[in-house]
Amino acid sequence: MELRSETTSIHTAKEHLRQGRIVVFIKNFNPHLQAYFIQSAQHVSDESLGFLLGRGSGKLIAALPPDHIHILDSNVEIHSAEYVENQECKDVERGLILNQIGPEPLAEIINAIHYSAEKAIQLSAVEGVDIVRTRLGGVFASATAVDGAADLCRLSELGACCVLAPIQCRREGFSAEYFREIAREYGLACIDFTELLRFRRSRAGLQKAGCSVRMPTDSGIFSMQLFEDPCTGDYHVALVAGDIRGDEPVLVRLHSECLTGDVFGSRRCDCGPQLKLALDQIITAGTGVCLYLRQEGRGIGLANKLRAYLLQEQGLDTVEANQSLGFPPDLRDYKTAARILTELGVDQVRLMTNNPEKIQGLKSHGIDVVEQVPHHIDASEENENYLYTKQVKMGHLLPDVRGVQKCQP
C-alpha cells in the first residue's frame, strides 16, 4: 500500500479511495470529535488491514448497506451508526481480530463483500468486527462518521461497503488538527464531515414535481407547487400568493418543517405561530412566497428532535441537546431554498426572519435580501427558554427575552 502526500480536498480523497488507498475521515463537531481510517471493502488487502488495525485502536467496523444486512440471521448483532459512535472506544490487543479468523483471511472476506452480499454472513461470525447498518441517504440522513464514510465511498463509485478503524480512543484534549497531523504523518488524504456535507449539498439537484394546484387556506388562497430533491428524496413546498413576477422585491418566508409545532400546536417552540403569521402577512401584502422546507429539528430529523426534547427535559437547552446527540446546533442549508426561489423567478426578497443565517444563506446563493422583516412571536412560559437560547446562543434578532436586550441586525 503506497502512502504519499495528501491534500484535504474531497476530489483527492475520492481519487485515493479509487486507487485503493486509506483515507482519514474526521467527525469534526463537538462533543463527539472522532476520526477513523477508512477504506472501501473491495480494496481491503492483508497489508491495508494490518495498517487499519495496527495504527488504529485495534477495532474494526464493517459498514454495510441495507441490502447486505437483510440476509443476515436474526440472531446476528447489527449495530446502528449512532450506537457505534456513542460507545467508549477501548484499545484492544493488536492482531486480536486477525488471530480469530480461521482458514480464510479476513481481508479476502471483506474484499469479496463488495461483489457478494452472502459474504456478510461470514463476516458476521468474526468476533471483534462490528457490523453496522448504513443509510442510503448518507450524510443527508445521518450525522455520523460511519454514514459519512459510506457516502464518500459511494461518491467514489466504489459502492457503499467499507471498513473503518477508529484512530484513537476518545480522550480529553484532542482536536481535529491532531488527527490531520496523523494523516500527514502517513501521507493520507484527510477530510471531515462538514467538508463532505457541503460537497454533497453543492451538487444536490432539484426538480419540479408535478403541477401547481389551487390551495385555499384559513389565511387565503395560494398556489401550491412541489419540488423534489433527488439526493434526499425530500419534497419541499412553495406556497405562492399573487403575481410574484416583476421588478419589486417579493415578501418571502423560509419555514423549516416542524411537525410538533405546525401540526400539533406544540408550545415548546414558536414554529406553528410563525407559519400562520407568515401566511397571513403574505395574503395581506397581496403577493409573496412561503417555502416549507423539509428540515425538521434544524436538520436532524424528527426522531433525533424528540431525543433532543428528552435531553431538554433533563436540563439542556436546544443547542446543548443537539450537541449531546453529536450534531451541530443547526444543520440546515438554504441552497435548496435559493434554487426554488430562482425557479420561481424570484431574485430579490423581503425576508421574514429573525435568523441572520437565513439572510446570509440566501445571499451566498445569489438571492438579494433587500430587507429583513422581523417575524416575532411573543414568548410564553413554555417556550421562553427556547427563544432565549435562540437569541443568546444563535444570534437571532429577537425582542427582550429574560432581560436580554433586543439584538440588532
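Residues numbered from 1 in each chain as written. Predicted model: local features only at pLDDT ≥ 70, side-chain atom pairs only at ≥ 80, totals over all residues. Heavy atoms only, no water.

This brings us to the overall build of the protein chain. Along the protein chain, the regular secondary structure elements total 17 helices and 15 strands. Expressed as a percentage of the 409 residues in the protein chain, the buried residues total 51%. Taking as baseline every contact in the protein chain between residues at least 6 positions apart, the subset at least 24 positions apart corresponds to 67%. Of the roughly 18400 Å² of accessible surface on the protein chain, a fraction of 48% belongs to carbon and sulfur atoms. (Helix = DSSP H or I, 4+ residues; strand = E, 2+ residues; numbered from the N terminus. Buried < 20%, exposed > 50% of the residue type's maximum accessible area, 1.4 Å probe, protein only. Contact = heavy atoms within 4.5 Å. Areas by Shrake-Rupley, 256 points an atom, 1.4 Å probe, with all protein chains shown as cover.)

This part takes up the nonpolar core. Phe37, Leu49, Leu60, Ile110 and Leu123 are the most contacted members of the largest nonpolar core, which has 36 residues in total. A per-element tally of this core places helix H5 (residues 106-113) first, with five residues. Within the second largest apolar cluster, 31 residues are counted, among which are Val23, Ile61, Val132 and Cys162. (Core = buried A, V, L, I, M, F, W, Y, C linked by side-chain atoms within 4.5 Å.)

Next up on the list: the packing of aromatic side chains. By convention here, two paired aromatic rings are described through the distance between centres and the angle between planes. Under the defined criterion, the tally for this structure stands at four aromatic pairs. Considering the side-chain rings of Phe37 and Phe51, the 5.1 Å spacing of their centres and the 65° angle between planes classify their relative orientation as edge-to-face. On the criterion of sequence distance, the pair formed by Phe37 in strand E2 (residues 34-40) and Phe51 in helix H2 (residues 46-55) is long-range, its members being 14 residues apart. Accessibility classification places Phe37 together with Phe51 in one group, the buried group. On the numbers, 5.3 Å between centres and 75° between planes, the contact of Tyr178 with Phe179 is edge-to-face. (Phe/Tyr/Trp six-rings, centres within 6.5 Å; stacked < 30°, edge-to-face > 60°.)

Another point: the packing of helix H1 (residues 10-18) against helix H9 (residues 193-202). Between H1 and H9, the shortest axis-to-axis distance is 10 Å and the interhelical angle comes to 100°. Taken as axis vectors, H1 and H9 run roughly perpendicular relative to one another. Residues Ile10, His11 and Lys14 of H1 form the contact with H9, whose own contacting residues are Glu195, Leu196 and Phe199. Broken down by class, the residue content of the contact of H1 with H9 amounts to three nonpolar, one polar and two charged. (Axes fitted to C-alpha atoms, helices over the stretch in contact; angles between N-to-C directions. Parallel < 35°, antiparallel > 145°, perpendicular 65-115°, else oblique. Nonpolar A, V, L, I, M, F, W, Y, C, P; charged D, E, K, R; others polar.)

All right, on to the side chain of Gln39 then. Relative to the assigned elements, Gln39 resides in strand E2. Under the relative-accessibility criterion, Gln39 is labelled buried at 1%. Setting aside anything within four residues of it in sequence, one finds Gln39 in contact with Leu17, Gly20, Arg21, Ile22, Val44, Ser48, Leu52, Cys162 and Val163.

Looking now at the confidence of the model for the protein chain. In this model, the protein chain carries a mean pLDDT of 82, and residues with pLDDT of at least 70 account for 84%. Of all secondary-structure elements in the protein chain, the lowest mean pLDDT belongs to helix H4 (residues 81-86), at 71, while strand E13 (residues 288-293) reaches the highest, 97. pLDDT under 50 marks residues 91-96. Its contacts with residues more than four places away, or in other chains, come to 11 contacts. Here residues 404-409 is modelled with pLDDT under 50, and outside its nearest four sequence neighbours on either side it reaches 18 contacts, counting other chains as well. (pLDDT = per-residue confidence, 0-100.)

Considered for burial, the residues of H2 that qualify are Ser48, Leu49, Phe51, Leu52 and Leu53. Elements that come into contact with the buried residues of H2 comprise E2, strand E3 (60-64), H5, strand E6 (162-166) and helix H8 (176-186).

Another aspect to go through is unusual backbone geometry. In this structure, Glu157 takes a positive phi of about 60° despite not being glycine. Residue position: Glu157 is located in the loop between helix H7 (145-155) and E6. Take Glu157: its relative accessible area is 69%, and that puts it in the exposed class. Here the phi dihedral of Arg298 falls at roughly 55°; this positive angle occurs in a residue that is not glycine. Among the structural elements, Arg298 can be located in helix H12 (residues 296-299).

Moving on: the pattern of salt bridges. Tallying each qualifying case throughout the model produces 18 salt bridges. Salt-bridge contacts for Arg180 lead to Asp192; the nearest nitrogen and oxygen are separated by 3.2 Å. Placement of the pair is Arg180 in helix H8 and Asp192 in strand E7 (residues 189-192), with a sequence separation of 12 residues. Residue classification places Asp192 among the buried positions, given a relative accessible area of 7%. The closest approach of N and O atoms between Asp317 and Lys393, which form a salt bridge, is 2.7 Å. Of this pair, Asp317 sits in the loop between helix H13 (302-313) and helix H14 (318-324) while Lys393 sits in helix H17 (residues 384-394), and the two are 76 residues apart along the sequence. Here Asp317 falls in the buried class, since its relative accessible area comes to 16%. Each of Asp151, Arg154 and Arg200 takes part in salt bridges that share partners, so that together they form one network. (Salt bridge = Lys/Arg side-chain N within 4 Å of Asp/Glu carboxyl O.)

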